[in-house]
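# Structural features, examined
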Amino acid sequence: DNVACIIYTRCVNCHNPKGIAPFSLVDYSDAALMSSAIKSSTQAKRMPPWPPQKEYRSFAHERVLTQEEINILANWADNGAPSGDLAAAPPAPVITTSEEITSPDIRLQIPTFTIPSAFSDIYHCFSLATNTTTDQFITGVEVVPGNRAVVHHVLVFADTTGATAGLDAAYAGPGYPAYGGVGTPNAFLVYAWVPGGGALFPPARMGVKLPRGSRIALQIHYPVSAVGSVDSTKVNLQLAPGPLRTLSVSPVLNHGAALIDGPLFIPANTVRTFHARYQIPPVNVTTLSVAPHMHVVGKSVKAYAVTPSIDTIPLINIPKWDFHWQGAYNFRQPLRIPANSWLYAEAVYDNTSANPNNPSFPPQDVRLGESTDEEMMLIYFAYTIHNAGDENIIVDTTTVKPTYLNCSFALGTQDRKLESVKIYPNPSSSYIEVQVSNLNFENAQLSLYDISGRHLKSQKVTSYITFIPVETLSSGTYFLRYEQNGQTETAKLVIQH
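Worth saying up front: this structure is predicted, and the values here are computed from it rather than measured. (Residues numbered from 1 in each chain as written. Predicted model: local features only at pLDDT ≥ 70, side-chain atom pairs only at ≥ 80, totals over all residues. Heavy atoms only, no water.)

Turning our attention to the packing of helix α1 (residues 2-10) against helix α4 (residues 67-78). Taken N-terminus to C-terminus, the directions of α1 and α4 make an angle of 120°; their axes are 10 Å apart at the nearest point. It follows that α1 is oblique to α4 by the angle criterion. The element α1 and its partner α4 pack so that their crossing is left-handed. Seen from α1, the contacting residues are N2, V3, I6, I7 and R10; seen from α4, they are E69, I72, L73 and W76. Of the residues contributing to the contact of α1 with α4, the split by class is 6 nonpolar, 1 polar and 2 charged. (Axes fitted to C-alpha atoms, helices over the stretch in contact; angles between N-to-C directions. Helix = DSSP H or I, 4+ residues; strand = E, 2+ residues; numbered from the N terminus. Parallel < 35°, antiparallel > 145°, perpendicular 65-115°, else oblique. Left-handed = near helix turned anticlockwise from the far one by under 90°. Contact = heavy atoms within 4.5 Å. Nonpolar A, V, L, I, M, F, W, Y, C, P; charged D, E, K, R; others polar.)

Encoded structure:
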């Protein structure tokens, strides 16, 4: 009952027979066998992996457990991992590699790639032609791992010069090795996929510009244990011709011009702290996400903004950096950073034998570079010029609640059939019109979820009719939840394109 709900909603995205985790937790017998490890890893908060400090800045779709959930798992393990009534257990989630963007404008796939023998993790890149003849805007991007058990993360770059094609052609076999990026400064980051991640859809009327003829370059991280495995990862792109608001993804806080106490050099047997700063131009900026990047000597990283009125805007704090669990973190609602504000970053590097991730023993001097025994200091931001109301865009306003109260999605036992709300049209392809029969809209909210229970968007109800755009969503089944003062009602919504 409650233990299954916690594991199904928090753990099995990775811990399934097709996932990257080393063991599955889908079946009771598998979970019971690992109950002691579940207790220790959740109490130590190593699992689920979520590096950002929640108290510093809360992000959308956080993978965290409440203390109550941690206690439930510990109590279950301490009492011998009892099964309860398995006949009454919630249905196990069905893990597939189905795609969210079912009809992409461009679907690219790497050549079938057999992971070669290596003494350390493998970072292999692939240059893929889009063959676009006009400038386009990326309004949806999705990575579909060809082999979920071995694909650790995927970085998606756009290459406007074709440099990655030359690197690919010069290397024997599919793709080419490159660490840190895709081997050229002429490519810019579009998206980063990590296990458990889904497709990315920028807010309406925003997109990442893809100049005509650009190539998509993927950097795929495979663990050393993946040697001999075969991968055929895909990337799906949803495009629009524009004009759209241009989203940029850039490491404006970096180890280059922004570093104020460089160069980035960590002598052997030392712990060093570096600082970077960057002043926002004289224009307000809307920031959607932040993504720090360091290598294995990195120990911690923090970023924040200081406005001209000396207000501090916390951006991200990762007190225990883990190179193997890094990604882009979306803000719950876009942040407005005022014109002329300063962005600051502080990064700590531990190049001593006390750092278990140190690649050298005894420690060696570490310099700036892209290889595994070198270091970097980059903090990427996804941003655009601010428009009034951007900060009211809802990405995720849910709070972390004990999942056993809302088991296996099912939308909760407290939910009732949606009777006071009517949806038109249903099925829909572009928008839905939600009519609320209530006269009082205090604390009323509509939330949209996909079939797996992932929260997609929420919108306050302030009038009899509420319009919700759905044109960026893939065809499929969704659920709409109406919430008001603790009461909830749900209805099924079908989107057809």
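Picking up after the structure, the text goes on.
Attention now moves to the nonpolar core. Within the largest apolar cluster, 47 residues are counted, with the highest numbers of intra-cluster contacts made by V156, L218, Y222 and V235. Discounting residues that sit within four places of it in the chain, V235 has contacts with I106, R107, L108, V141, E142, V143, V156, I216 and L218. F59, V64, V301 and I318 belong to the second-largest nonpolar core, a separate cluster that totals 40 residues. (Core = buried A, V, L, I, M, F, W, Y, C linked by side-chain atoms within 4.5 Å. Buried < 20%, exposed > 50% of the residue type's maximum accessible area, 1.4 Å probe, protein only.)

Within the open sheet, the 4 strands sit side by side as β14-β19-β16-β17. Their pairing is antiparallel. What marks the edges here is a single partner per strand, and that holds for β14 (270-279) and β17 (312-318). Within the sheet, the average angular offset between the axes of one strand and its neighbour, ignoring direction, is 15°. Bridge count for β14 against strand β19 (residues 342-351) is 10 bridges, and the pairing is antiparallel. Its bridge partner being in β19, A276 is matched across the sheet by A345. (Pairing = 2+ DSSP bridges.)

Once that is clear, we can look at α1. The periodicity of an α-helix, 3.6 residues per turn, causes residues three or four positions apart to be oriented the same way. Taken across its 9 residues, α1 has 7 buried, putting it largely inside the fold. Restricting attention to buried positions, one finds in α1 the residues V3, A4, C5, I6, I7, Y8 and R10.

So, on to the confidence of the model for the protein. Residues at a pLDDT of 70 or more form 91% of the protein, whose mean pLDDT is 86. Throughout residues 401-419 the model reports pLDDT below 50, and contacts reaching past four residues in sequence, or to other chains, amount to 54 contacts. (pLDDT = per-residue confidence, 0-100.)

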